[in-house]
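# Residue-level structure breakdown
What follows is each chain in one-letter form.
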Amino acid sequence: MENSKRYEQTLVGILFFTWGTVFLDRTSQHYLAPFFAPEFHLNHEQIGLLGSVVAITWAISTLFFGALSDRIGRKPILVPAVFIFSILSWFSGTVHSFHQLLLVRALLGIAEGPAWSIMTALIEESSAPTRRGRNIGIVVSAAALVGLAVAPVLTTQIGARFGWRWAFFVSGVPGLLLGLLIWKFVKEPEKQIVPGSHSRPIKIRDFLSILRYRNTWLCCLGAAGFLSWLFLDNIFAPLYITEVAHQAPTTAGFLMGASGLGSFFLALFFPTLSDRIGRKPVLLIMAVLCLAVPLALLVPELYSYPWVLASIIAVTNAGQGIGALVLVLVPTESVPPQFAATAIGLTTLVSEIAGATVAPVIAGVVAQTHGLAATLWMSAGGAALVFVAALFLKETHRARAEQPVLRVSIAD
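Below or above, wherever it landed, is the structure these notes cover. All of these numbers come straight from a predicted model, not from anything done at the bench.

Moving on, we come to the overall build of the chain. The secondary structure content of the chain amounts to 16 helices and two strands. Computed over the C-alpha atoms, the radius of gyration of the chain is 20 Å, within 12% of the 22 Å expected from 2.2 N^0.38 for a compact globule of 412 residues. The dimensions of the chain, computed from C-alpha atoms along their principal axes, are 60 × 40 × 35 Å. Burial analysis of the chain (412 residues in total) assigns 61% to the buried set. Considering only contacts within the chain whose residues lie at least 6 apart along the sequence, 87% involve residues at least 24 apart. Per element, the accessible surface of the chain, about 15,300 Å² overall, is 70% carbon and sulfur.

Shown next, in the form of structure tokens:
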């Protein structure tokens, strides 16, 4: 593995913008829903289904291709995936029916799934132990800066001025450049194995061995709560703000953007803090903070002071920091290093199915019968589930740093 600090910084920079682009393409449909929903005559269930189909295809794809990358390498899968999901974002702007959009977004989920497990595994493998939390936090924070801060403002402004189709076209452009940068500058990491283990996992039971670790199960539970919190808030909060609070779509974009900007800064701070004080206490703090995000949106008086509301949800949105710990750092530090991408993929698979697939569908049904406010209460429940799972986690920060590994080329 290339351990130079300079390369480490280059890798973090490239993958930061790549992950931001992934989240821009994935979340753009949530912010553009107020624009295309009337054109396609969509109800709340159908909007929830759009989010769910991306989640389920993403989940299956990230586990399959993450495990495959543990065998054949990271770049042969990552580079084509980045080009494909960028092109599919363009296709999202050409559809003329709900079913066409559903199909394109399902394919986009398949293409984007590998990016998550492979990019985070690359950072985990290429970072010094004392900088692992910081580097993962930086890369994951791009989802907040680009996908949750820039995306809602950018897409709603483009949608309001030029139409929602152009917003999809614009969101697909950066990935083409980043795919070239990954191909040119990112190095295939050396294989890490624990002394005495196989140099290459070749049997299904080798991959299933990660289920022996209690933290694997708890991370799946906590990650399911995190993605429920994240996607219920991002799918239904814009609709709540526009339909229940009677605010303009651009106001919804401003509020969601402010929340995402706060998440960006907190994602830089908390994972770095976990390098010092441990993963578990930091995860508990972040879970408590995230409870306030959907609950603040339910207070009608705050909409008279949009800057105050924006400030509240900005300083409490630690969501991307939770993602860095519960989806990446704790799972990979809990299992042998040769199963890093597999651990990320498994945790992501379970959480995407439960939190980003089932939860939005259920929330869509609940919204039809009990109103959009109920979906934000469900989002708060997801943050509470993260807190409960974190209570029982075994601290992993020191354990991985002290674990001896051998490093061999992927070609060995």
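The interhelical angle for the contact between helix H11 (residues 279-297) and helix H15 (residues 373-391), taken along N-to-C directions, is 170 degrees, at an axis separation of 8 Å. One element, H11, and the other, H15, form an angle in the roughly antiparallel class. Facing Lys280, Leu283, Leu284, Ala287, Val288, Cys290, Leu291, Pro294, Leu295 and Leu297 of H11, the residues of H15 in contact are Leu376, Trp377, Ser379, Ala380, Ala383, Ala384, Val386, Phe387, Ala390 and Leu391. In terms of residue class, the contact of H11 with H15 is made up of 18 nonpolar, one polar and one charged.

Turning our attention to the nonpolar core. Leu15, Trp19 and Phe36 are the most contacted members of the largest nonpolar core, which has 117 residues in total. For this core, the leading source of residues is helix H1 (residues 5-40), giving 16 residues. The contacts of Phe36, once residues within four sequence positions are left out, are Gln29, Leu42, Leu50, Leu101, Trp164 and Phe168. Core analysis: the next-biggest nonpolar cluster, separate from the first, contains five residues, Ile210, Val335, Phe339 and Leu346 among them.

Quick look at the pattern of salt bridges now. Taken as a whole and judged by the stated rule, the model has six salt bridges. Here Arg131 makes a salt bridge to Glu8, at a shortest N to O gap of 2.7 Å. Taken together, the residues span a long stretch of sequence, with Arg131 in the loop between helix H4 (98-126) and helix H5 (132-162) and Glu8 in helix H1 at a distance of 123 residues. The pair formed by Arg131 and Glu8 is uniform in burial state, with each residue classed as buried.

The next point concerns helix H9 (residues 214-244). The end-to-end C-alpha separation of H9 is 42 Å, in line with the 45 Å expected for 31 residues at 1.5 Å each. The sharpest bend along H9 measures roughly 35 degrees and falls at Phe236, with the proline Pro238 sitting one to four residues further on. For H9, a buried count of 26 out of 31 residues is recorded, marking the element as mostly surrounded by other parts of the structure. A positive backbone phi angle near 60 degrees is found at His246, which sits one or two residues after H9.

Applying the stated criterion across every chain yields a total of 15 aromatic pairs. Taking 6.3 Å as the distance between ring centres and 65 degrees as the angle between the ring planes, the aromatic pair formed by Phe16 and Phe264 counts as edge-to-face. Taken together, the positions of Phe16 in helix H1 and Phe264 in helix H10 (residues 249-277) put the pair 248 residues apart, joining distant regions of the chain. For the pair Phe16 and Phe264, one class covers both residues: buried. Ring geometry for Phe36 against Phe40: centres 6.4 Å apart, planes inclined by 40 degrees, an arrangement best described as tilted. Of this pair, Phe36 and Phe40 both sit in helix H1, separated by four residues, roughly a single helical turn. The exposure class assigned to Phe36 is buried, which follows from its relative accessible area of 1%. Ring-pair connections join several aromatic residues into one group, and the members of that group are Phe16, Phe17, Phe264 and Phe265.

Basis of the calculations
- Residues numbered from 1 in each chain as written.
- Predicted model: local features only at pLDDT ≥ 70, side-chain atom pairs only at ≥ 80, totals over all residues.
- Heavy atoms only, no water.
- Helix = DSSP H or I, 4+ residues; strand = E, 2+ residues; numbered from the N terminus.
- Rg over C-alpha atoms; globule rule 2.2 N^0.38 Å.
- Buried < 20%, exposed > 50% of the residue type's maximum accessible area, 1.4 Å probe, protein only.
- Contact = heavy atoms within 4.5 Å.
- Areas by Shrake-Rupley, 256 points an atom, 1.4 Å probe, with all protein chains shown as cover.
- Axes fitted to C-alpha atoms, helices over the stretch in contact; angles between N-to-C directions.
- Parallel < 35°, antiparallel > 145°, perpendicular 65-115°, else oblique.
- Nonpolar A, V, L, I, M, F, W, Y, C, P; charged D, E, K, R; others polar.
- Core = buried A, V, L, I, M, F, W, Y, C linked by side-chain atoms within 4.5 Å.
- Salt bridge = Lys/Arg side-chain N within 4 Å of Asp/Glu carboxyl O.
- Expected span 1.5 Å × (residues − 1).
- Bend = angle between axes of the 7 residues up to and from the residue.
- Phe/Tyr/Trp six-rings, centres within 6.5 Å; stacked < 30°, edge-to-face > 60°.

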